[in-house]
Amino acid sequence: MLDWNDLKYFVAVARHGSTLAAGRALQVDPSTVQRRLTALERHIGRALVQRHTNGYRLTDFGVEMLEAAQQVAQAALAFEQSLVVSRRNASGVIRLTCPEPLVNRLTNSGLLDRFHALHPGLHVEFVMSDKYIDLRTGEADVALRSGDTDDNVLVGRKVGDSLWAVYASTDYAQRNGVPACVEELAGHPLVGFEENMASHRASQWLRQVAPTATVVARNDSVLGLLLSVKAGVGIGPLPTALGDSEAELVRAFGPVPALSRDWRLLAMPEIRKTARVCAFFDFMVAEIEALKPIITG
């Protein structure tokens, strides 16, 4: 079947007179223009252009087909513009699930203010949890999630890196010093997660690298982990976005490669296609550079 997308390459060459100029206008490599144009001619079975020393010229058949090709290209552009308008005018609530410590960082960054200004009909509602909320139940529309996200049902994309390091309070560091490497962890009291968070990668890592260490405080959330480390009762692993932003904490060592994961924006396929979620995804992807300091530090 004819790939209608190839017509835009034909129209661009006809308009600009060369694959170089056409590629520049379409923001693709000239070889891509040449390849797609050749594929179109092969499918049609007739030449649309002829190459000359000073560029390309349309054949008589190319001249005959140009107006129809331009109409298709204009219709495609109009469709894309209508899609943009539809997403911009989308209305409703987007329920975003993410770890609790991120809510304050996202809110204070101005990122969501810019989203709401661009899409006044949309409102982001937080569903906070350090545990993964099953998007299939409908409790949330979109997840901003790090860690092992092997659910083959969800669709999305990477938006940053989740890095963890080991931290201590400045008071603790002054009194006891800090470990310089993993091997020195067992000599310090540790702050970790409750048993119901045993599958968390930080819990698994501590059990592997410091199985004999004394755990002096257990928490059921990353925020609790942060508060325990700040209290100076022990040291523990924290996301660098949180640990580095706290003046009362010092980084002992890290980032720890074993704890590094991807931050992903995820949704169910059918929800991902809705106008409101499309608008949110498009905005967040466009704002990745602003998002990275919030989630990575």
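The structure under discussion appears in the preceding block.
In this report, the structure presented in the accompanying data block is examined.

Within the chain one finds 13 helices and twelve strands. Relative to a compact globule of 297 residues, whose C-alpha radius of gyration would be 19 Å, the chain shows 27 Å and is clearly more extended. Oriented by its inertia axes, the alpha-carbon framework of the chain measures out at about 85 × 45 × 30 Å. The buried share of the chain, reckoned over its 297 residues, is 43%. Treating the 31 positive side-chain charges of the chain as one cloud and the 33 negative ones as another, the clouds have centres 6 Å apart.

Turning our attention to the environment of Ser-109. Topologically, Ser-109 is positioned in helix 5 (residues 100-109). Put simply, Ser-109 and Ile-294 are 185 residues apart on the chain and 7.6 Å apart in space, counted from C-alpha to C-alpha. Ignoring anything within four residues of it in the chain, the contact list for Ser-109 reads Arg-114 and Ile-294. One polar contact links the side chain of Ser-109 to the main-chain amide nitrogen of Leu-111, over a distance of 3.1 Å.

Now for the packing of aromatic side chains. Applying the stated criterion to the full structure yields two aromatic pairs. Centre to centre, the rings of Phe-115 and Phe-280 are 5.3 Å apart; their planes meet at 85°, and the pair counts as edge-to-face. In this pair, Phe-115 is assigned in helix 6 (residues 111-118) and Phe-280 in helix 12 (residues 275-286), connecting sequence segments 165 residues apart. Of the residues examined, Phe-115 reaches a relative accessible area of 0% and is grouped as buried. The interplanar angle of 55° and the centroid separation of 5.3 Å between the aromatic rings of Phe-115 and Phe-283 together place this pair among those described as tilted. Here the residue Phe-115 occupies a position in helix 6, and Phe-283 occupies one in helix 12, the gap between them amounting to 168 residues.

Taken together, five strands build an open sheet; the order of strands is 4-3-5-12-6 and the sheet is mixed. Single-partner strands in this sheet number two, and they are strand 4 (122-128) and strand 6 (155-162). Taken pair by pair, the neighbouring strands of this sheet meet at an average axis angle of 20°, ignoring direction. Two elements, strand 5 (residues 142-146) and strand 12 (residues 261-267), share five bridges in a ladder whose sense is antiparallel. Paired with Ser-146 across the bridge in strand 12 is Trp-263.

Reading the values: the criteria
Residue indices follow the written sequence of each chain, beginning from 1 at its first position. Predicted model: local features are reported for residues with pLDDT of at least 70 only, side-chain atom pairs are reported and counted for 80 or more only, and whole-chain, interface and lining totals are derived from all residues. In computing side-chain properties, one takes all heavy atoms of the structure into account and sets aside hydrogens as well as water. The way it works is that DSSP assigns letters per residue, a run of H or I at least four long becomes a helix, a run of E at least two long becomes a strand, and they are numbered from the N terminus. The reference for a compact globule is 2.2 Å times residues^0.38; the radius of gyration itself is calculated from the C-alpha atoms. Exposure classes here rest on a 1.4 Å probe applied to the protein chains alone. A residue is buried below 20% of its type maximum, exposed above 50%, and partly exposed in between. The charge count includes Lys and Arg as positive and Asp and Glu as negative, but it does not include His or the ends of the chains. By convention, charge coordinates are those of NZ in Lys, CZ in Arg, CG in Asp, or CD in Glu. In what follows, a contact means two residues having at least one pair of non-hydrogen atoms within 4.5 Å. A 3.5 Å cut-off defines polar contacts: any pair of N or O atoms within that distance qualifies, except that in protein one atom must be a possible hydrogen donor and the other a possible acceptor, and neighbouring residues in sequence count only when both atoms are side-chain atoms. Under the pairing criterion, centres of Phe, Tyr and Trp rings, with the six-membered ring standing for Trp, must be within 6.5 Å; the plane angle then separates stacked pairs below 30 degrees from edge-to-face pairs above 60, leaving the rest tilted. Any two strands with at least two DSSP bridges between them are considered paired. An axis is simply a line fitted to the C-alpha atoms; with a helix, the fit covers only the stretch in contact. Between two such axes, the angle follows the N-to-C directions and lies from 0 to 180 degrees.

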